[in-house]
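One-letter residues, chain by chain:
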Amino acid sequence: MTDDSVIELLSQWPGRFRFGRLAVALRAPEQLDEDALVNAVLRGIAEDDDEQSVFDSLVREGRLEDAEYLLENGPLLGRGGLSRWLHALTARRQELREELQSRCAALEKRADDADLVLPELDLAALEQLCATSWPETLRLLEAVESALEGGLAAGREALRSRLAEREAQGVNDPAWAESSRALVDAGLLRAAARQIDDGTRSSGPERVPALPAWNPELSPRQVLDWHLDPVQRQRQARYAGWAPADDSARGLVEAYASLDDGGFIAAHRFTTALTAFLGSDATDQVSPDEVTGGYLTAVSRAFVDPELMRFIPLGNLEVFVGEPETREPEAMGTLPQYLAVGPGLKASAERGPYAVLVLRDVLRLATLRTGRPTALMRLLGRQWPLAAFAGDTPNALDELLGPDEATRWTTLRWILDLSGLGDIVAADALAFATGWDPALLHLFLQALAERQDRSGGGVRWLTQWRQDRQFVAAVEDAVVRPLGRAPVPRLAFWAALAAAPAGEEVTADELLGAAQLVADLVPDADALTTAMAALARLRLTEEASTECVRFRRCGVLSVLGDRAEQRLETILRDWAAHPASPAPEDGHAVRLWAARRHGLSPDYEEYVTALEGSAPAPDLDTRLARLAQQTTGKLWDERRVDGTTDLVSVLRETTGLWQQAFPDVRMATSGPGAAVARISPRATQVLLYELLANAGEALAGSETGRVSVHLEPHGNEWIVDVRDSGHGITYPQGREDLLFRAGHSTKGEGRGDGLHRARAIAEAADGALLLVSRSDGHPILKGAHFRLILPKG
């Protein structure tokens, strides 16, 4: 230990802040010795430290309590720029808090997948520690991670032994064995144990073995010659690891070699060999057609795994076989993504409509005994556009992901795996960052694809996205865009984030209080509570009403929460300057609500895209009129009704829009946390629109109007009851059937198709739409009572 008098002297020395680390070290004199003091001084001299550079270094290291001490007690306060330093501390604290939450969520997920019990993680205590010292927090996290890795290692060893025992008992199923090993290697021990013990097949890409890595010292052409020459195969043992797995693999390699000859026969031979290699029985259907530069043909019924058919619904793959002199395929017009093969073709550096299968990858494929269709898709998916797996729009991605979290989780892993953008760890990070909001998830996936081959891009960028200012601005826009440009809904959003972190409930009083802390003049309570209920439109909202709101806990809202007070101040300042002016886009929500009745029409997506953009009102009116014509003309395909949907999620979003379209009417919803039905999201949207629009219109102008939507299970069906406090149906007693006939309405000319169409949609989904009572069926909600019945998904 160092002499107390020396420490006392140094502690009072004004120049100690010239050596910032010395000043910080002196805060804990009981831990100091002479070497530590000397090192602190010498390091400061060697690195030419000053107070500001030490402060910046401490913030980067996450030693935030030390940085605050330096700021409060050193000479930095006298140099100005206090707000910048405080902002740096706040931003770093928020960034580390989000990283902590993400890592804890990933640890819990990994432990659950491995059927292991983690040492108890007290997230609240860790967050408190993280706010002062990231190194100390990291030490605790790494101890938990080390314990998890130890459990994984022991679990892997035990499962490999069980797998060996099963094989020794005579179980001879290569696909089962290789899939089990792949699951063990991926750390999915719970799924691996089920598969090993009782044969239960797992889902997700991790069950499919990876392609063998290529040795860059090997020449693909020399390995091909070894395949083709029996003499070399006996002499060149160094290539033995690239021996074909079976006759179909050998046939594929030999067929690839024949492409040097060109012509119809070579194209037919290769496609037939590929079809057989992939396990399809459609080899007799191969029929190449001559096109510019080669032949166009297809591999049929090769991708029949249900998880792959999400992305290739018909199980077929178009194939372009190039002539030896062809360097790239000619444009194929509207042909979807396809495989291109030929001795002169080279893979493009950019993603595009075709993916080139080169010799090296043919040789890698030929070593596989199982998982061949998936392995081929992995090779092609890294060259195809992201839209081939994630859809062109957030809505397309939403439908692809499916209605429940388990399905979304599996599908996201497939998207990342097949597109080459990441693995289960990246899926964890994306799920936590985006909270499963399809607009955010689509944005993050696009960013990953764009940055994949850049320095610091790909999965590495995913851990640092919050530092990408341009991307964070795009994220913020994606979150608040559904609220339109009217200030009050956005004000409610930022006030809720300022009042409490995402995941915690915010009451109307707390939201109003957060706004009043920022400015003296705020919208009245009724306007704010109505806007608060409208926050249900956001996919990141778990609960919203005129009484409270709660957002889903996720990384994006954690980042946006850091800027909530600043955004709130800006919006309130702009609103206070023109409090009586009409909102710049009050009609946005009403237009979006009105469009929902056309959700099954062909141009619906185009209209919504234009509405979310900057299309002028006359153009929107023209587009909406075209949508109405399509709806009236029944230009919707019954196949668009097929699918699965979480009714709760669609109802929540619909309620938010409805509340803005009918701000004077109150709606109450009740039911389970999730309700998966066998109907598409678009069809569900149309059904709810027709039922809720009728209720809203019946109560328009009433300050006491109320609507109730109750959802409950009944056997293999979901029951959705919609009641209102209006005057009920005015058709004569016994003629309620008129309500569902086309062209019949009590609301005037040009109406009367909505409920007729809604019943047709419900019946197309094997459901029903009924009128339970015309009026007086409830002591308070005395208006009409409709019942929607849908099959469980």
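Placed above this text is the structure.
All values reported here derive from a predicted model rather than from experimental measurement.

S.K.: Explain the sheet that holds strand β4 (residues 338-341) residue by residue, including any values.
M.R.: With mixed pairing, 5 strands are arranged side by side in an open sheet as β1-β2-β3-β4-β5. Of all the strands in the sheet, just β1 (289-291) and β5 (354-356) have a single pairing partner and so form its edges. Across the sheet, the mean angle from the axis of one strand to that of its neighbour is 30°, orientation sign disregarded. Looking at chain direction, strand β3 (residues 317-322) and β4 are connected through 3 bridges and run parallel.

S.K.: Outline the environment of Glu108, supporting the account with residue identities and numerical values.
M.R.: Tracing the backbone shows Glu108 in helix α6 (residues 82-113). Taking relative accessible area as the criterion, Glu108 reaches 45% and is therefore assigned partly exposed. Residues Glu108 and Leu121, 13 residues apart in the sequence, show an inter-C-alpha distance of 9.0 Å. Every residue in contact with Glu108, bar those within four places of it in the chain, is listed here: Leu118 and Leu121.

S.K.: Describe the nonpolar core, listing the residues and the values that go with them.
M.R.: Among the nonpolar cores identified, the biggest contains 160 residues, and Leu376, Phe444, Leu445, Trp465, Phe493, Phe551 and Leu557 are the most heavily contacted of them. Not counting the four nearest positions on each side in its chain, Leu445 is found in contact with Leu386, Ala390, Leu397, Ile415, Leu416, Leu421 and Leu430. Residues Ala595, Leu647, Ala683 and Val722 belong to the second largest nonpolar core, which totals 54 residues.

S.K.: Describe in detail helix α20 (residues 424-434), supporting the description with residues and values.
M.R.: Across the 11 residues of α20, 9 count as buried, placing the element largely inside the fold. Within α20 the residues assigned to the buried category are Ile424, Ala426, Ala427, Asp428, Leu430, Ala431, Phe432, Ala433 and Thr434. Considering only its buried residues, α20 is in contact with α6, α19 (405-419), α21 (438-450), α22 (458-462) and α27 (555-561). For α20, the capping residue at the N-terminal end is Asp423, with a side-chain oxygen 3.0 Å from the backbone nitrogen of Val425. Just past α20, the residue Gly435 takes up positive phi, approximately 60°.

S.K.: Give a description of the packing of aromatic side chains that names residues and reports values.
M.R.: All chains considered together, the criterion is met by 17 aromatic pairs. Relative to Trp242, the ring of Trp214 has its centre 4.6 Å away and its plane inclined at 50°; by these criteria the two rings are tilted. Note that Trp214 is positioned in the loop between α10 (189-198) and α11 (220-228) and Trp242 in the loop between α12 (230-235) and α13 (247-257), a separation of 28 residues in sequence. Here Trp214 falls in the buried class, since its relative accessible area comes to 16%. Taking the centre distance of 5.6 Å and the plane angle of 70° together, the rings of Phe311 and Phe389 count as edge-to-face. Taken as a pair, Phe311 in the loop between β2 (294-299) and β3 and Phe389 in helix α17 (residues 387-390) lie far apart in primary sequence, 78 residues in all. Accessibility classification places Phe311 together with Phe389 in one group, the buried group. By way of ring pairs, the aromatic residues Phe444, Trp461, Trp465 and Phe471 are connected into one cluster. Across from the ring centre of Trp718, 5.1 Å away, lies the NZ or CZ of Lys792, which sits over that ring.

S.K.: Just give me the short version of the packing of helix α23 (residues 469-480) against helix α24 (residues 487-499), but keep the residues and values in it.
M.R.: In contact at an axis separation of 11 Å, α23 and α24 are set at 115° when each is read in the N-to-C sense. Of α24, the residues touching α23 (which contributes Glu476, Val479 and Val480) are Arg490, Phe493 and Trp494. The residue inventory of the contact of α23 with α24, partitioned by class, reads 4 nonpolar, no polar and 2 charged.

S.K.: Before we move on, can you summarise the pattern of salt bridges with the specific residues and values?
M.R.: Counted under the stated rule, the structure contains 48 salt bridges. Salt-bridge contacts for Asp173 lead to Arg201; the nearest nitrogen and oxygen are separated by 3.1 Å. Taken together, the residues span a long stretch of sequence, with Asp173 in the loop between α8 (134-168) and α9 (174-185) and Arg201 in the loop between α10 and α11 at a distance of 28 residues. Here Asp260 makes a salt bridge to Arg221, at a shortest N to O gap of 3.7 Å. Taken as a pair, Asp260 in the loop between α13 and α14 (263-277) and Arg221 in helix α11 lie far apart in primary sequence, 39 residues in all. On the accessibility criterion, Arg221 (38% relative accessible area) is partly exposed.

Definitions and cut-offs
- Residues numbered from 1 in each chain as written.
- Predicted model: local features only at pLDDT ≥ 70, side-chain atom pairs only at ≥ 80, totals over all residues.
- Heavy atoms only, no water.
- Pairing = 2+ DSSP bridges.
- Helix = DSSP H or I, 4+ residues; strand = E, 2+ residues; numbered from the N terminus.
- Axes fitted to C-alpha atoms, helices over the stretch in contact; angles between N-to-C directions.
- Buried < 20%, exposed > 50% of the residue type's maximum accessible area, 1.4 Å probe, protein only.
- Contact = heavy atoms within 4.5 Å.
- Core = buried A, V, L, I, M, F, W, Y, C linked by side-chain atoms within 4.5 Å.
- Polar contact = N/O pair within 3.5 Å; in protein donor to acceptor, adjacent residues only side chain to side chain.
- Phe/Tyr/Trp six-rings, centres within 6.5 Å; stacked < 30°, edge-to-face > 60°.
- Lys NZ or Arg CZ within 6 Å of the ring centre and 35° of its normal.
- Nonpolar A, V, L, I, M, F, W, Y, C, P; charged D, E, K, R; others polar.
- Salt bridge = Lys/Arg side-chain N within 4 Å of Asp/Glu carboxyl O.

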